[in-house]
Amino acid sequence: MLEATGLMVFYENMLALNNISIKCEKNQIVGVFGANSAGKSTLMYTLSGIMQDIRKKEKMAGGERITIHGDIFFNGKSITDTRPSRIARMGVILCPERRRIFKESTVLENLKIGGYLASRSQAKETMEYVFKIFPALKELKKRTGGFLSGGEQQMLAIGRALMAQPKILLLDEPLLGLSPLMQLTLVKATKEIRDDMGLTIIVTEQYARPVIPIVDYAFILENGAAVLEGTREELMNNPDVRAAYFGV
Ligand code: ATP
């Protein structure tokens, strides 16, 4: 489904991703766990191709030089040099860290914007599904995005990403700053979305514990390198790993 080999990203001289290879099979939920600054967002930006745009913008502005190495394949086809808009069209959709919803626009408008890649019937069907999975959003259709709670904004961010008709959804720290109850709601919804839509999902989090029950496979990042990987069972059956990374 999605595979990256030997990914290296430098911000100027700072190595943010250090030779990362990750693989994600169809229909899997893959977790990427790591502390602040471990490289989670850099990885998500790189996988979605957005890093290329960031690099170009930095270059045009005469700013720092970003260097990207390695290869990315989607369904066996190289997307390493594919433009991010095209990658999105292929179905690799990023739901970025800190939601990044359009705060001036209503819930409905946010969802419609997300559906720009979809046909009318797909957009209609997906919107119904978003309201089914997140009933709270249905009640808030006309509410301006900026007035939603953190949890509602995250639901909206996921809903908006779904509107783009993903085949693989990249969720960057969806639980950041949310209450344990809201975290649980979102974790359950993530699994349901995977099951209902047959999606593949890569989810990053600082703390693995709330997400580990739904992941099939996980990678642990430290200082930009993948120091550990395995199935949920493999990771959970290792007492050192459990104690060090999952707090159980
Ligand atoms: P967080 O949990 O804080 O979001 P993260 O695991 O997502 O962390 P990244 O945001 O990928 O980590 O950052 C990895 C490293 O790269 C950090 O040291 C960060 O300071 C640095 N970094 C990220 N973006 C830039 C940038 N545009 N320019 C320079 N350094 C950057």
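This write-up is about the structure you can find in this document. This one's a predicted model, so the numbers in the text were calculated from it and none came from an experiment.

### Description of the site of the ligand
- Within the structure, the ligand sits among 14 residues, and Ser-37, Lys-40, Ser-41, Thr-42 and Glu-173 are positioned closest to it.
- Note that an oxygen atom of the ligand is positioned 2.8 Å from one of the backbone N or O atoms of Ser-41.
- At 3.0 Å, a side-chain N or O of Glu-97 approaches an oxygen atom of the ligand.
- A total of 630 Å² of accessible area belongs to the ligand in isolation, and the protein chains cover 69% of it.
- Only β2 (14-24) and α1 (40-47) provide two or more residues apiece to the shell around the ligand.

### Notes on empty space enclosed by the protein
- What the rule picks out here adds up to 1 cavity of 30 Å³ or more.
- Considering only enclosed or pocket space, the largest cavity measures out at about 50 Å³ in volume.
- Around the largest cavity, the lining residues are Ile-158, Leu-171, Pro-174, Leu-175, Leu-186, Val-187, Thr-190, Val-203, Val-211 and Ile-214.
- Of the residues that constitute the lining of the largest cavity, the class distribution is 9 nonpolar, 1 polar and no charged.

### Here's the deal with the nonpolar core
- With 50 residues, the main nonpolar core has Phe-33, Phe-134 and Phe-246 as its most contacted residues.
- The greatest single-element share of this core, amounting to 7 residues, is contributed by helix α7 (residues 150-163).
- Excluding residues within four positions of it along the chain, Phe-246 makes contact with Phe-33, Ala-208, Arg-209, Ile-212, Ile-220, Leu-235, Met-236 and Val-241.
- Counting 30 residues, the second-largest nonpolar core is a separate cluster that includes Met-1, Leu-17, Met-90 and Phe-219.

About the cut-offs
Residues numbered from 1 in each chain as written. Predicted model: local features only at pLDDT ≥ 70, side-chain atom pairs only at ≥ 80, totals over all residues. Heavy atoms only, no water. Near = heavy atom within 4 Å. Polar contact = N/O pair within 3.5 Å; in protein donor to acceptor, adjacent residues only side chain to side chain. Areas by Shrake-Rupley, 256 points an atom, 1.4 Å probe, with all protein chains shown as cover. Helix = DSSP H or I, 4+ residues; strand = E, 2+ residues; numbered from the N terminus. 1 Å grid on protein atoms, 1.4 Å probe; cavity = no way out; pocket = protein on both sides within 12 Å on 5 of 7 lines; lining within 4 Å. Points joined across faces, edges and corners; volume = space filled by probe spheres on them. Nonpolar A, V, L, I, M, F, W, Y, C, P; charged D, E, K, R; others polar. Core = buried A, V, L, I, M, F, W, Y, C linked by side-chain atoms within 4.5 Å. Buried < 20%, exposed > 50% of the residue type's maximum accessible area, 1.4 Å probe, protein only. Contact = heavy atoms within 4.5 Å.

Any link to function would need more than the numbers given here.
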